[in-house]
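Remarks on the overall topology
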Amino acid sequence: MITFGQIVTKVLQRLALVEGLDAQLYAEPRIQLAVQHKFDMIFREYWLPEYTTYQEQYTLNGTTGEIDGDFSDRLKDWRDLHSVFWEGSHKPLPIAPMNVRDIDIQYPSIRPQGTNKVKWFRMLPKNTQGKLYVTYRTKPDDFEQDDDVIYLDTQLLLLGTCWDILEDDGTNPGASDKFRILFQDALSQFNRQTFNIPLDTVMSSRSTVNRWR
């Protein structure tokens, strides 16, 4: 955990030790954009526990297939919906196929509702009753204030941001390679902690992610 202002300061301090950078790179707004970009990339690749809500209970209204309640302040993107369980089911509900009409679907499933960010989905058949248990993550608004808290490994965010900036600058390839390696090492450690992988089975060069820019 670190604040937005603190991570920007740390990035500036690390970059100040690298020779060959243009002075313009030290402008705070550019650093802030780089921090936000790296956070967004990591957020999309991982289900960070601090931003994830597990098995939240909702009640179906029994008529439209929708829940009594809304996700408008919590679920901001369809990609942030992890799973939906119907009571008594041991498997998450599948997404209803697009080439089948709702009235023809007689097995439990969910139908995305496009831009309806209040409900996001409905259950089929629509007259299904009972409870749903929903796991989802909530992406924080873009960081703006110095005291905005970022729940992410500090070194992972710091090293990844420095690498991005050095790659964009291009005046010090050696420093860029150094931070790339440091970031990959931090990412490997993060993977081990996230997936509970034994230390001796993951090489520093291995990652579940093969793109970071």
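**Side note on the pattern of salt bridges**
Taken as a whole and assessed by the stated rule, the structure comprises 13 salt bridges. The residue arginine 101 makes a salt bridge to aspartate 104 at a minimum N-O spacing of 2.9 Å. Take arginine 101: its relative accessible area is 53%, and that puts it in the exposed class. The exposure class of aspartate 104 is partly exposed, given its relative accessible area of 42%. We note a salt bridge from lysine 139 to aspartate 142, for which the minimum N-O separation is 3.8 Å. Here the residues in one salt-bridge network are Arg44, Asp77, Arg79, Asp80 and Arg137, joined through shared partners.

**Side note on the sheet that holds strand S2 (residues 52-59)**
Pairing is antiparallel in the open sheet, where three strands are placed in the order S2-S6-S3. Two strands close off the open sheet at either side, each with one partner strand: S2 and strand S3 (81-86). The sheet shows a mean angle of 20° between the axes of neighbouring strands, taken without regard to direction. By the bridge criterion, six bridges tie S2 to strand S6 (residues 131-137) in an arrangement that is antiparallel. By the bridge assignment, threonine 53 is partnered in S6 with tyrosine 136.

**Overview of the packing of aromatic side chains**
Evaluation of the coordinates by the stated rule reveals eleven aromatic pairs. Centre to centre, the rings of phenylalanine 71 and tyrosine 136 are 5.7 Å apart; their planes meet at 75°, and the pair counts as edge-to-face. Here phenylalanine 71, found in the loop between S2 and S3, pairs with tyrosine 136, found in strand S6; they are 65 residues apart in sequence, far enough to count as distant. The exposure classification of phenylalanine 71 matches that of tyrosine 136, with both residues buried. By the ring-pair criterion, three or more aromatic residues cluster together here, those being Phe4, Phe39, Phe43, Tyr51, Phe143 and Tyr151. Sitting above the plane of the phenylalanine 183 ring, lysine 38 keeps its charged end 5.1 Å from the centroid. We note lysine 178 situated over the ring of phenylalanine 179; from NZ or CZ to the ring centre the distance is 6.0 Å.

Basis of the calculations
- Residues numbered from 1 in each chain as written.
- Predicted model: local features only at pLDDT ≥ 70, side-chain atom pairs only at ≥ 80, totals over all residues.
- Heavy atoms only, no water.
- Salt bridge = Lys/Arg side-chain N within 4 Å of Asp/Glu carboxyl O.
- Buried < 20%, exposed > 50% of the residue type's maximum accessible area, 1.4 Å probe, protein only.
- Pairing = 2+ DSSP bridges.
- Helix = DSSP H or I, 4+ residues; strand = E, 2+ residues; numbered from the N terminus.
- Axes fitted to C-alpha atoms, helices over the stretch in contact; angles between N-to-C directions.
- Phe/Tyr/Trp six-rings, centres within 6.5 Å; stacked < 30°, edge-to-face > 60°.
- Lys NZ or Arg CZ within 6 Å of the ring centre and 35° of its normal.

Worth remembering: the numbers are spatial, not functional.
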